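One letter stands for each residue in the lines below.
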Amino acid sequence: MTSKFTELAIDCADPDGLARFWCSVLDYEVQDEGDGIVTIGSPMAPEGKNHLGPVPPTLTFAHVPEGKTVKNRLHLDINPTDREQDEEVRRLLDLGARRADVGQGDESWVVLADPEGNEFCVLADRGP
């Protein structure tokens with residue numbers, strides 16, 4: 001018996017706002033919301049964790065009173081599927097991301113932060 005990765009929980013100040021941002025980034029949709037928690041996931045796998053095989057993980061945003069204080073120990077890497085990396089970075093900046101410097105140096109990926117300061121990387125185009 002093994003486990004599968006089905007969900008990533010993210011503490012935040014504004015679950016609705018952060019969920020909207022990540023829905024736009026990942027082409028996800030809101031699957032559940034209430035009591036300061038919003039869960040988003042892929043419309044291609046609406047059954048989510050109940051599906052027998054691998055599934056795109058859901059993201060669950062939970063309201064917490066404290067703010068982010070240090071660099072993430074865990075972050076998302078995303079891959080553009082229908083455009084080049086620089087075009088995707090511009091799109092994400094327009095959605096509300098901002099550039100972040102975590103000491104990455106000159107690398108092939110671009111480090112951004114979401115509207116609440118959570119770092120994530122935009123990798124070079126790898127296709128769908």
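Engineer: Lay out the sheet that holds strand S1 (residues 7-12) with the relevant residues and their values.
Structural biologist: Strands pair in a sheet through their backbones, by hydrogen bonds, and they do so in one of two ways: parallel or antiparallel. Ordered by their spatial adjacency, four strands build an open sheet running S1-S4-S3-S2, and the pairing between neighbours is mixed. Of all strands in the sheet, those bounded by a partner on one side alone are S1 and strand S2 (29-34). Direction aside, neighbouring strands of the sheet carry axes that sit 20 degrees apart on average. Alignment of S2 against strand S3 (residues 37-41), held across five bridges, turns out to be antiparallel. Its bridge partner lying in S3, Glu-33 is registered against Val-38. The strands touched by helix H1 (residues 15-26) within the sheet are S1, S2, S3 and strand S4 (58-63), with S4 carrying the most contacts at an inclination of about 160 degrees.

Conventions adopted
- Residues numbered from 1 in each chain as written.
- Predicted model: local features only at pLDDT ≥ 70, side-chain atom pairs only at ≥ 80, totals over all residues.
- Heavy atoms only, no water.
- Pairing = 2+ DSSP bridges.
- Helix = DSSP H or I, 4+ residues; strand = E, 2+ residues; numbered from the N terminus.
- Axes fitted to C-alpha atoms, helices over the stretch in contact; angles between N-to-C directions.
- Contact = heavy atoms within 4.5 Å.

Just distances and angles here, no functional claims.
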